[in-house]
Amino acid sequence: MMHDEPRTDPADQLAVIDSAPDLSRSASVGERVTGVITLVALYGGLVVSLESDLPPVAGAAVFVAATMLLLTWNGHHDGAARRRPHTKVEMAVRFCGVVFLCMPGAELIFDEGSDSLTGHLISAALPTAAAAVYFLLRWRR
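These numbers come from a predicted model, not from an experiment. (Residues numbered from 1 in each chain as written. Predicted model: local features only at pLDDT ≥ 70, side-chain atom pairs only at ≥ 80, totals over all residues. Heavy atoms only, no water.)

### Topic: the overall build of the protein chain
Phase 1: A tally of regular secondary structure across the protein chain gives 6 helices and 0 strands.
Phase 2: Along the protein chain, helices (α) and strands (β) appear in the sequence α-α-α-α-α-α when read from the amino end.
Phase 3: When each of the 141 residues of the protein chain is scored for burial, the buried share is 30%.
Phase 4: Intrachain contacts of the protein chain at a sequence separation of at least 6 include 84% that bridge at least 24 residues. (Helix = DSSP H or I, 4+ residues; strand = E, 2+ residues; numbered from the N terminus. Buried < 20%, exposed > 50% of the residue type's maximum accessible area, 1.4 Å probe, protein only. Contact = heavy atoms within 4.5 Å.)

### Description of the UniProt feature "transmembrane region" (unreviewed entry) in the protein chain
Phase 1: Per the UniProt record, "transmembrane region" (unreviewed entry) is found at residues 33–50, 56–73, 93–110 and 116–137.
Phase 2: When the span residues 56–73 is considered, its composition is 100% helix and 0% strand, and the gap between its end C-alpha atoms is 26 Å.
Phase 3: What you have in residues 93–110 is 94% helix and 0% strand, and the ends, taken at the C-alpha atoms, are 26 Å apart. (UniProt positions renumbered as here; feature names shortened; annotations may be inferred.)

### What to know about the confidence of the model for the protein chain
Phase 1: With 89% of its residues at a pLDDT of 70 or more, the protein chain has an overall mean of 87.
Phase 2: Helix α1 (residues 10–19) is the least confidently modelled element of the protein chain, averaging 76 in pLDDT, while helix α2 (residues 29–52) averages 95, the highest of any element. (pLDDT = per-residue confidence, 0-100.)

### Things to note about the packing of helix α3 (residues 56–79) against helix α6 (residues 117–138)
Phase 1: At their nearest, the axes of α3 and α6 sit 12 Å apart, and the two run at 15 degrees to each other. One element, α3, and the other, α6, form an angle in the roughly parallel class. Of the two elements, α3 crosses α6, and the hand of that crossing is left-handed. Contacts from Leu70, Trp73, Asn74 and His77 in α3 reach Ala131, Tyr134, Phe135 and Arg138 in α6. (Axes fitted to C-alpha atoms, helices over the stretch in contact; angles between N-to-C directions. Parallel < 35°, antiparallel > 145°, perpendicular 65-115°, else oblique. Left-handed = near helix turned anticlockwise from the far one by under 90°.)

### Quick notes on the side chain of Glu90
Phase 1: Looking at the secondary structure, you find Glu90 in helix α4 (residues 88–100).
Phase 2: For Glu90, a relative accessible area of 0% puts it in the buried group.
Phase 3: A polar atom in the side chain of Glu90 sits 3.0 Å from the side chain of Arg138.
Phase 4: If sequence neighbours within four positions are ignored, Glu90 has contacts with Arg84, Pro85, Tyr134, Leu137, Arg138 and Arg140. (Polar contact = N/O pair within 3.5 Å; in protein donor to acceptor, adjacent residues only side chain to side chain.)

### Some details on the packing of aromatic side chains
Phase 1: The full count for this structure, using the stated rule, is 4 aromatic pairs.
Phase 2: Ring geometry for Tyr134 versus Phe135: centroids 6.1 Å apart, planes at 45 degrees, classification tilted.
Phase 3: Phe135 gets classed as buried once you look at its relative accessible area, which sits at 3%. (Phe/Tyr/Trp six-rings, centres within 6.5 Å; stacked < 30°, edge-to-face > 60°.)

### A few points about the side chain of His120
Phase 1: Note that His120 resides in helix α6.
Phase 2: Overall, the relative accessible area of 4% leaves His120 in the buried class.
Phase 3: Of note is the side chain of His120, whose polar atom sits 2.6 Å from the side chain of Glu107.
Phase 4: Ignoring anything within four residues of it in the chain, the contact list for His120 reads Val47, Leu50, Glu51, Glu107, Ser114 and Asp115.

### Structural notes on a negative patch on the surface
Phase 1: There is a patch of like negative charges on the surface, built from Asp53, Asp111, Glu112 and Asp115.
Phase 2: Along the polypeptide, Asp115 turns up in the loop between α5 (102–110) and α6.
Phase 3: By relative accessible area, which is 66% here, Asp115 ends up exposed. (Patch = residues over 30% accessible without salt bridge, like charges linked within 9 Å, V, L, I, M, F, W, Y side chains within 5 Å. Areas by Shrake-Rupley, 256 points an atom, 1.4 Å probe, with all protein chains shown as cover. Salt bridge = Lys/Arg side-chain N within 4 Å of Asp/Glu carboxyl O. Lys, Arg positive; Asp, Glu negative; His and termini not counted. Charge placed at Lys NZ, Arg CZ, Asp CG, Glu CD.)

What follows is the structure, encoded as structure tokens:
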């Protein structure tokens, strides 16, 4: 059996292997700093909004903005070049972050829930903690 394909040189094969993407590339310092700023803004924005007793329309705007903030990070990590795919745990945590955002969201839009500062702090802490765990899982390398 004869092959008409030319044989590749082992050095060429190693060059191809070296040029393959490294899926374990860690996040840059700028991405990590931006992530921490995002967490502070998410938590602070939710607590201040909950304490301000906003009208339902403004509460809905805050809820949509917070949701878009989390979804933007999800989209960034989905589309980031040379990154490993999401694990099942990471996917579950990022889903929980958006679901936990419904607690302060219901309070912002429908004025349902606790009216105490402690209740507001806890309500805002749940989605923020889920986002922090998601970031830590994505940045663990």
